[in-house]
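Single-letter residue listing:
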Amino acid sequence: MTRRPVPMTRLRDLLPSERGLTAMEVKERRLRYGANDILEARPHAWRELARDTIKDPMIWFLAGVSALYGIVGEIKESLTLLVAIVPLVGMDAFLHRRTQASTEGLKSRLAERATVVRDGEPVEIPVVELVPGDLALVSPGEMFPSDGIVVAGADLQVDESTLTGEAFPVAKGPISGPPGDGSDPLVDSEHWGFAGTRLLTGRASLRVAFTGGETIYGEIVRSAISGTRT
C-alpha cells in the first residue's frame, strides 16, 4: 500500500509519544469527530428492507398503470399488472436482503473491543468509542481497531489480505520521530496499522488517526454498499 497523509491537526504533540488521552480530551474529540462507526448499526433491518424495496420506481409505475386500467374498466389488465408486481417485489426484497447479509459479513472482519490508554491506565472499551488521538494497544492475533500510526512495537507482522488480497504478512515498524513538515505529511505504509487487518506477531502501540468512514476499510465498505444499491 502507498503512503498516506497524517492529519496533524488531530495528532500534533501526540506523535511519536506513547501518551494516552485524558477523559476530557476523549469527550472533546468524540464531540468533534463522532463515533468510530465503520459500519453503521442497523437495528431495524426488516423495516429498512421494506423501505428500500418500495423505493423501486418500477413498482410504482406498474401500480399506477394498473390503477388507470381499473379506472377505465379494464379489470383483467389491471389484475394482470398487479400480479406482475409480486415477483418484482420479491426480487427487490431478495437483492436488498443479500446486500444486508453481505454487510453483516463484513462486520466479522472488524474488531469489537480495543485496549486503549486513558488517563494513564490501559482500559478495554468498545471499538465504537475510539477517537482520533487514542493510543490503542494491539496484541498478537488481534485486529487493528482503526487506522493509525504505529508508535511502538518490534518484529511486527500484519495480515492485510482483507484490504489488498495479498496473502503474505507485511512487516510494520514504529515511526521514529515527527512525520515531517506541513499540515498533512505523508507517512509510509510500513508505519500504518489499518482497521480490518490483523496483527500476527509482536505487540503494537497504535496512535489512532482515522475512525469510522474515514478508514480505508470504511471507504471500501461504503463504496461497495453504494454500488450494490445503484
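Cut-offs and rules
Residues numbered from 1 in each chain as written. Predicted model: local features only at pLDDT ≥ 70, side-chain atom pairs only at ≥ 80, totals over all residues. Heavy atoms only, no water. Helix = DSSP H or I, 4+ residues; strand = E, 2+ residues; numbered from the N terminus. Buried < 20%, exposed > 50% of the residue type's maximum accessible area, 1.4 Å probe, protein only. Contact = heavy atoms within 4.5 Å. Areas by Shrake-Rupley, 256 points an atom, 1.4 Å probe, with all protein chains shown as cover. Pairing = 2+ DSSP bridges. Axes fitted to C-alpha atoms, helices over the stretch in contact; angles between N-to-C directions.

Describing the overall build of the protein chain
Counting its regular elements, the protein chain contains seven helices and 11 strands. Within the protein chain, the fraction of its 230 residues that count as buried is 40%. Pairs at least 24 apart in sequence give 73% of the contacts found in the protein chain among residues at least 6 apart. When the accessible area of the protein chain is evaluated, it comes to approximately 12,500 Å², of which 58% is carbon and sulfur surface.

Brief notes about the sheet that holds strand 6 (residues 156–159)
Within the open sheet, the three strands sit side by side as 7-6-10. Their pairing is antiparallel. Only two strands of the sheet have a single partner each, and these edge strands are strand 7 (170–172) and strand 10 (198–201). Averaged over neighbouring strand pairs, the angle between their axes works out to 45° when direction is ignored. Of the strand pairs in this sheet, strand 6 and strand 10 are connected by three bridges, and their pairing is antiparallel. Note on strand 10: the bridge partner recorded for glutamine 157 is threonine 201.

Some points on unusual backbone geometry
Across the junction of leucine 15 and proline 16, the peptide omega takes the value -5°, indicating a cis bond. With phi around 75°, aspartate 13 is a residue other than glycine that occupies positive phi space. Within the secondary structure, aspartate 13 is located in the loop between helix 1 (8–11) and helix 2 (23–33). Overall, aspartate 13 belongs to the exposed group, its relative accessible area being 68%. Here the phi dihedral of aspartate 155 falls at roughly 55°; this positive angle occurs in a residue that is not glycine. Looking at aspartate 155, the relative accessible area reads 67%, which means it is exposed.

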